[in-house]
Amino acid sequence: MSYPLPLPKIDYPREIRAYFDWHRQQRIPLLLMSKYIDKPVSAMLVDVDGDGGDLEVVCTGMYEVRHGSDLAYAAIGSTSGGANFLASGQMRAKPGTTDRFTLSFPEWIDISQSRDSFRCSAQERHSLHFSSVDPHLNDIICHVENVSLGGLAVKWDDRCCDMPLLNSLTEAGILQCKDNKVHLGKLRVAHITPHAQGHLIGLNFEYVMPKEFGALVLQAHNAQYTTGSNDTTK
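Before going into details, it helps to say that this report is about the structure given with it. (Residues numbered from 1 in each chain as written. Predicted model: local features only at pLDDT ≥ 70, side-chain atom pairs only at ≥ 80, totals over all residues. Heavy atoms only, no water.)

**Structural notes on the overall build of the protein**
Quick reminder of the rule: A helix here means a DSSP run of H or I that spans at least four residues, while a strand means a run of E at least two residues long, and both kinds are numbered starting from the N terminus. Buried, partly exposed and exposed residues are distinguished by accessible area as a fraction of the type maximum, computed with a 1.4 Å probe on protein chains only: under 20%, between the cut-offs, and over 50%, respectively. In what follows, residue pairs with any heavy atoms lying within 4.5 Å of each other are defined as contacts. Note on areas: Shrake-Rupley, 1.4 Å probe, and residue coverage restricted to the protein chains presented here.
For the protein, the count of helices and strands is 2 helices and 16 strands. Out of the 234 residues in the protein, the part that is buried amounts to 45%. Put simply, of all contacts in the protein between residues at least 6 apart along the chain, 62% involve residues at least 24 apart. When the accessible surface of the protein is totalled, it reaches about 12300 Å², and 48% of it is carbon and sulfur.

Listed below in structure tokens is the structure:
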């Protein structure tokens, strides 16, 4: 049985700067999010000023930022070890430009335990259906607790039926969200944690992640990390 652990938090400015310096040197774009854009955009770091508290990025698709003052941002970057880091703060357009923006130097960054593993709460009341091609004719229904680009966690009611085994494959799953459904295929049971009257079960993709699920996760990231919430436990 596996239990969720908090993501490592780094709050020493010199160490934070080292992550951004590596990112800039490798010319790897950040994945930048704010409430004024429908989906994350790629932002290339061109300057890192740890002392002055600014990061300068170049990106397109952020035109609405020019019409306001400071705006909350969240950004996902890469690490030299193959994991990811999450940063947040305030951003504004650079005067006299159309594609340059300054980001406030983050007070801390969270380092993921594995690539694309940032988890956040499901923004809507989603449910996961097993054992059926139609979610309305299902055998098992689980409510979704959180999502990530690697998978999702669901609440399993022990009174419902036998719980799947750790590291086993589930039946094909269908994610139901409002009037839409996303076919996820079979999922691998990654962890099982006691929770209320049942368990919280972490499920990872065994095959390719559906594009529709990736879009849902990025929307949830955008909503959570640009509203002042920094709860990234998993």
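**Quick look at the pairing of strand β10 (residues 127–130)**
Heads up, the rule is: Two strands form a pair only when DSSP identifies at least two bridges running between them.
Side-chain alternation along β10 places Ser 127 and His 129 on one buried face and Leu 128 and Phe 130 on a second face that is also buried. Across 4 bridges, β10 lies against strand β11 (residues 140–148) in antiparallel orientation. Each residue of the ladder has a partner; that of Leu 128, found in β11, is Cys 142. Taken together, the 4 bridges between β10 and strand β13 (residues 173–177) define a ladder with antiparallel strand orientation. Counterpart to Leu 128 in the pairing with β13 is Leu 175.

**Here's the deal with the pattern of salt bridges**
Spelled out, the test is: Criterion for a salt bridge: a side-chain nitrogen of Lys or Arg within 4 Å of a carboxyl oxygen of Asp or Glu.
In this structure the tally under the stated criterion is 7 salt bridges. Of the charged contacts in the structure, one is a salt bridge between Glu 56 and Lys 94, with a shortest N-O distance of 3.0 Å. In this pair, Glu 56 sits in strand β4 (residues 54–58) while Lys 94 sits in the loop between β6 (84–93) and β7 (100–104), placing the two residues 38 residues apart along the sequence. Residue class for Glu 56 comes out buried when judged on its relative accessible area of 13%. Residue Lys 94 is classed as partly exposed on the basis of its relative accessible area of 30%. Connected through salt bridges with shared partners, the residues Arg 17, Asp 21 and Arg 24 form a single ionic network.

**Side note on the environment of Glu 107**
Relative to the helices and strands, Glu 107 is located in the loop between β7 and β8 (109–111). When the C-alpha positions of Glu 107 and Ala 87 are compared, they lie 8.5 Å apart, and in sequence the two are 20 residues distant. Not counting residues within four places of it along the chain, the set of residues in contact with Glu 107 comprises Ile 10, Asp 11 and Ile 16.

**Some details on the packing of aromatic side chains**
Geometry of an aromatic ring pair is reported as the spacing of the ring centres plus the angle between the planes. Just so we agree on the cut-off: Aromatic rings from Phe, Tyr and Trp, with only the six-membered ring used for Trp, were paired whenever their centres fell within 6.5 Å, and each pair was classed as stacked if the ring planes differed by under 30 degrees, edge-to-face if by over 60, and tilted otherwise.
One pass over the structure, following the stated rule, counts 4 aromatic pairs. With centroids separated by 6.3 Å and ring planes inclined at 55°, the aromatic side chains of Phe 20 and Phe 105 adopt a geometry described as tilted. Highlighted residues: Phe 20 in helix α1 (residues 13–25) and Phe 105 in the loop between β7 and β8, separated in sequence by 85 residues. Neither Phe 20 nor Phe 105 differs from the other in exposure class; each is buried. Taken together, the ring pairs connect Tyr 19, Phe 20, Phe 85 and Phe 105 into an aromatic cluster.

**Examining the nonpolar core**
What counts, and what does not: By convention a nonpolar core is built from buried Ala, Val, Leu, Ile, Met, Phe, Trp, Tyr and Cys residues, the set being connected through side-chain atoms within 4.5 Å.
The biggest cluster of nonpolar side chains holds 26 residues, and the ones touching the most others in it are Phe 20, Leu 32, Leu 55, Met 62, Met 91 and Ile 109. Broken down by secondary-structure element, the contributors of at least two residues to this core are α1, β2 (30–33), β3 (41–49), β4, β5 (71–78), β6, β7 and β8. In terms of nonpolar packing, the next biggest core, distinct from the first, is built from 25 residues, Phe 130, Leu 184, Ile 192 and Leu 203 among them.

**Description of a nonpolar patch on the surface**
The criterion, for reference: Each patch is built from residues that are more than 30% exposed by relative accessible area and take part in no salt bridge. Like charges join if they lie within 9 Å; nonpolar side chains (Val, Leu, Ile, Met, Phe, Trp, Tyr) join within 5 Å.
A surface patch of nonpolar side chains, about 350 Å² in accessible area, is lined by Leu 169, Tyr 207 and Val 208. Mapped onto the elements, Tyr 207 comes out in the loop between β16 (198–205) and α2 (211–225). Here Tyr 207 falls in the exposed class, since its relative accessible area comes to 58%.

**Here we look at α1**
For clarity, the cut-off: A helix is expected to span 1.5 Å multiplied by its residue count minus one. By arc we mean the arc of the directions from the helix axis to the C-beta atoms, nothing more.
The end-to-end C-alpha distance of α1 is 18 Å, a good match for the 18 Å that 13 residues give at a rise of 1.5 Å each. Burial in α1 covers these residues: Ile 16, Phe 20, Asp 21 and His 23. Along the long axis of α1, the arc covered by the buried residues comes to 160°, so they all point the same way. Those residues of α1 that are exposed and angled more than 90 degrees off the buried face are Arg 14 and Gln 25. Backbone geometry just downstream of α1 places Arg 27 in the positive-phi region, at approximately 55°.

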